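Residues per chain are reported as follows:
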Amino acid sequence: MSLPLVDVSTGPVDTHCPYCSLQCGMTITARPEAEGGGYEVDGANFPTNRGALCEKGRSSVELLAHPDRLTTPLVRDHRDEPFREATWDEALDRVVAGLTVARERFGPDAAGLFGGGGLTNEKAYQAGKFVRVALGSASIDYNGRFCMSSAAAASNKAFGIDRGMPFPLADVARADTVMLVGSNPADTMPPAMRWFAAGRERGARHLVVDPRYTATAAAADVHLQPVPGTDLALANGLLHLAIKHRLVDTAYVADRTTGWDAVRRAMRQYWPDRVERITGVPVRVMERAVRMLAESRATMILSARGAEQHAKGSDTALAWINLALALGLPGRPFSGWATVTGQGNGQGGREHGQKADQLPGYRMLADPAARAHVAGVWGVDPDELPRPGVSAYEMLDRLGTPGGVRALMVVASNVVVSAPRAAHVRERLQALDFLVVSDMFLSETAELADVVLPCAQWAEEEGTMTNLEGRVLRRRRAARPPEGVRSDLEVLAELADRLGRGAFFSDDPRTVFDELRRASSGGKADYAGISYERIEAERGVFWPCPDDEHEGTPRLFRDRFATPDGRARFHVVHHRAAAESPDDEYPYRLTTGRSRAHYQSGTQTRRTKALLDAEAEPAVEIHPDLAARLGVAEGGDVLLRTRRGTARMRARLSREIRPDTVFAPFHWAGEQTINALTNPALDPASRMPEFKVCAVALEAATTTTEEVPGV
Ligand code: SF4
């Protein structure tokens, strides 16, 4: 049975928000007379958001008829020329020529693709297949590498599988104790807070670990405020105390885990006074925290980017998993360790081949059996598939160099704003022989391109997303795309055709999804039993779901972990200093993150009137004591300088941050690009850059805009 294509003119259509991993259900209604472009949006009664939307979701329909929308391909012969409008035929000819010249001159890996964590499962799958089958290249990765990769690496090591939350979000309301580590859902996904609030109404207690006293911390019972980059030591310190006070669940450890003895011995080094010196968290607060975690019937530890976006992010996630395992949490009702995904399809985007080392179904590209299975579904020889490529930042860092990518396609990502050491990334993009960007707006990255392709956006096309819970849901088409734009799915299929590989590709979302199901069958992220019809009927289906009769898997680890012997693995992990520590020249710590009104690189939200009204520009958060030392007043301009670059933004004085640390949001471009300053030191396992801490110098700004170097 196939579902009819939605007629967007006849009534409300249920779909999902374009932004974060909560993927709130929303209902879009065409109202030609409505202010702002002809569509209205309401929250839908979906299991995660139950009718609520945050200000980003409520304002998202502004994007559908936005005057900045690209509706015609843009091309130019030289980068110092302005763009001119072109036909799709000419633009795609140029893309094929650019990719082909690079492959012929420098080998297949010289043509590559950089994707996005907002792409549907179908598009992420198509992108991975396009690079491997149509280009024969190893060069693909995506901005989700900057989001979830450390937690993913840790989950795979400890549990044998990587699904952000191993239980439905609603379980949060049933936990008696919840610790959030480096997560601020009160600002980043406000509708999720209803589950936390419901827990508190039942008497649950919440703890927050964050260098900032965030809105989430303000609602908690206990706030632990560590020095940025010391979460690993804090987790080990809590485990030391759990051992000391005999709070370890020894029966669970014996029955369900391996590796405990080595971890237990290693934790002797994390005596409380030492951990207090490293983290700045008082021993009495750690003592209270560990008792709250251990002496509760149902306890959750939820991690996010604050703990994970470090050069030791995967070890940090493992340290928190060690604590959760020692307390006997994973697999118990309303208990466990989880990571809260950031981007809309950060989860699905990494499951189906958009990552340099992975094939669909979370199979590994280096595994001969995985290669044979996926090549069989694709109808190609396994030996045709390239070997694993390099990670996102490594690919960007080598653009235009010998052995690096020379012709790059960027799909739904604005790396000039979102990548670490952003000024350097801009230079590398400018060094490419050919750059094509597919986007709905002329982003800062698209401004550098040779060809810009105008793409359809979220509510204008069909597809599936996988939310933070591992629930596969259906984004339905709820609006007509403007004349002249095309879907990325269609563009990749057309490019493959022009490259002589069209027989392997479809531009139909359902056909692509059905192929994805077959390719994922038998893999860790098994979607074989998930169909568009089931998603509709069941309001999403949790993977793994290996066949049509399987009911899906809302809760993992009840009986066994996804390791060969069914046991979870402890890992010995040790604290080490951040890649960069404060010194005389750069005496403070910079940490970065999201603000309430904006999302990712701001390509969409910086164009949304309601969100600009809420937050027109970024501010660097500075403790009043530090501001006084620097001579910086509330609202005054501050120059921030690291070894990689400079940025300028106004000051917001706040006692919510440590006096040795400043915080800045990363949604802004130009001289406000905070990622011009961040450190690309990479985690050895996940290749995650160290976004969350680096050494910074600050001064009250007196220079003019033109004098700001490094941006
Ligand atoms: Fe959209 Fe996330 Fe806001 Fe929900 S919480 S409306 S998914 S941005």
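Residues numbered from 1 in each chain as written. Predicted model: local features only at pLDDT ≥ 70, side-chain atom pairs only at ≥ 80, totals over all residues. Heavy atoms only, no water.

Looking at an unreviewed UniProt entry, the chain carries the name Molybdopterin-dependent oxidoreductase, with the source organism given as Actinomycetospora termitidis.

## Here's the deal with the pattern of salt bridges
Side chains that carry opposite charge are capable of pairing whenever their charged atoms lie near each other. Rules: One side-chain nitrogen of Lys or Arg within 4 Å of one carboxyl oxygen of Asp or Glu is enough to make a salt bridge. Burial status follows relative accessibility: with a 1.4 Å probe on protein chains alone, a residue under 20% of its type maximum counts as buried, one over 50% as exposed, and anything between as partly exposed.
Under the criterion given, the structure shown has 51 salt bridges. Its salt-bridge partner being E394, residue R398 comes within 4.0 Å of it at the nearest N-O pair. On the accessibility criterion, R398 (37% relative accessible area) is partly exposed. A relative accessible area of 14% places E394 in the buried class. Several salt bridges converge on common partners, so that one network encompasses D77, R84, E90 and R94.

## With respect to the packing of aromatic side chains
Stated formally: In this analysis, rings of Phe, Tyr and Trp, with Trp reduced to its six-membered ring, are considered paired at centre separations within 6.5 Å, and the interplanar angle assigns stacked below 30 degrees, edge-to-face beyond 60, and tilted for intermediate values. Only runs of H or I of at least four residues qualify as helices and only runs of E of at least two qualify as strands under DSSP, and these elements are numbered from the N terminus.
All chains considered together, the criterion is met by twelve aromatic pairs. Taking the centre distance of 6.4 Å and the plane angle of 70 degrees together, the rings of F130 and F505 count as edge-to-face. In this pair, F130 sits in helix α3 (residues 121-134) while F505 sits in the loop between α20 (488-498) and α21 (509-520), placing the two residues 375 residues apart along the sequence. We note that F130, like F505, is buried.

## Details of the nonpolar core
Under the convention used in this document: We call a set of buried residues a nonpolar core when its members are Ala, Val, Leu, Ile, Met, Phe, Trp, Tyr or Cys and they connect through side-chain atoms within 4.5 Å of each other. As annotated, the domain borders come from an automatic or database domain assignment. Whether two residues are in contact is decided by their heavy atoms, any of which lying within 4.5 Å being enough.
Membership of the largest hydrophobic core comes to 115 residues, with the highest contact counts inside it found for F130, F159, M179, L224 and W320. Among the elements that make up this core, the one with the highest residue count is helix α14 (residues 313-326) (nine residues). Both domain 2 (74-146 + 345-541) and domain 3 (149-339) contribute no fewer than three residues apiece to this core. If we ignore the near neighbours within four places in the chain, the residues touching F130 are L99, L113, L135, L492, L495, A496, L499 and F505. In this structure, M193, W458, A479 and Y599 belong to the second largest nonpolar core, which totals 45 residues.

## Description of the domain arrangement of the chain
Filter applied, for reference: A 1.4 Å probe defines the accessible area here, and the buried area is the portion of it lost by two parts on being joined, summed over both.
Partitioning the chain into domains gives domain 1 (6-65), domain 2 (74-146 + 345-541), domain 3 (149-339) and domain 4 (588-707). Across the contact, 24 residues belong to domain 1 and 20 residues belong to domain 2. Here domain 1 packs against domain 2, burying approximately 2,000 Å² in sum over the two surfaces, 58% of which is carbon and sulfur. Summed over the shared surface of domain 1 and domain 2, the number is zero salt bridges.

## Digging into helix α11 (residues 272-279)
We count it as follows: Regarding the arc, it is the one traced by the directions from the helix axis to the C-beta atoms.
Here α11 has its buried residues at P272, V275 and T279. Taken around the axis of α11, the buried residues stretch over an arc of 60 degrees, which confines them to a single face. Elements in contact with the buried residues of α11: α8 (231-244) and α12 (283-294). Following α11 by one or two positions, G280 adopts a phi angle in the positive range, close to 80 degrees.

## A few points about α21
Quick note on the threshold: Between the first and last residue of a helix there are one fewer steps than residues, each counted as 1.5 Å, and that sum is the expected span.
Over its twelve residues, α21 extends 16 Å from the first C-alpha to the last, a length consistent with the 16 Å expected when each residue adds 1.5 Å. Of all twelve residues that make up α21, nine are buried, and the element is covered over most of its length. Taken residue by residue, α21 has P509, R510, V512, F513, E515, L516, R517, A519 and S520 as its buried positions. Where the residues of α21 are buried, they touch α3, β15 (363-364), α16 (368-378), β19 (463-466), α20 and α22 (532-538). Residue G522 follows α21 closely and has a positive phi angle near 85 degrees.

## Section: the packing of α3 against α21
Short version of the rule: Lines are fitted to the C-alpha atoms to define the axes, a helix being fitted only along its stretch in contact, and any angle between axes, read from their N-to-C directions, falls within 0 to 180 degrees. When an angle is under 35 degrees it counts as roughly parallel; over 145 it counts as roughly antiparallel; between 65 and 115 it counts as roughly perpendicular; any other value is oblique. Two helices that cross are described as forming a left-handed crossing if the nearer one is turned anticlockwise from the farther one by less than a right angle, and a right-handed crossing if clockwise.
Relative orientation of the contacting elements α3 and α21 amounts to 70 degrees, with a least axis distance of 9 Å. With respect to α21, the element α3 is oriented roughly perpendicular. Seen from above, α3 lies across α21 with left-handed handedness. Of α21, the residues touching α3 (which contributes N121, E122, Y125, Q126 and K129) are P509, V512, F513, E515, L516 and A519.

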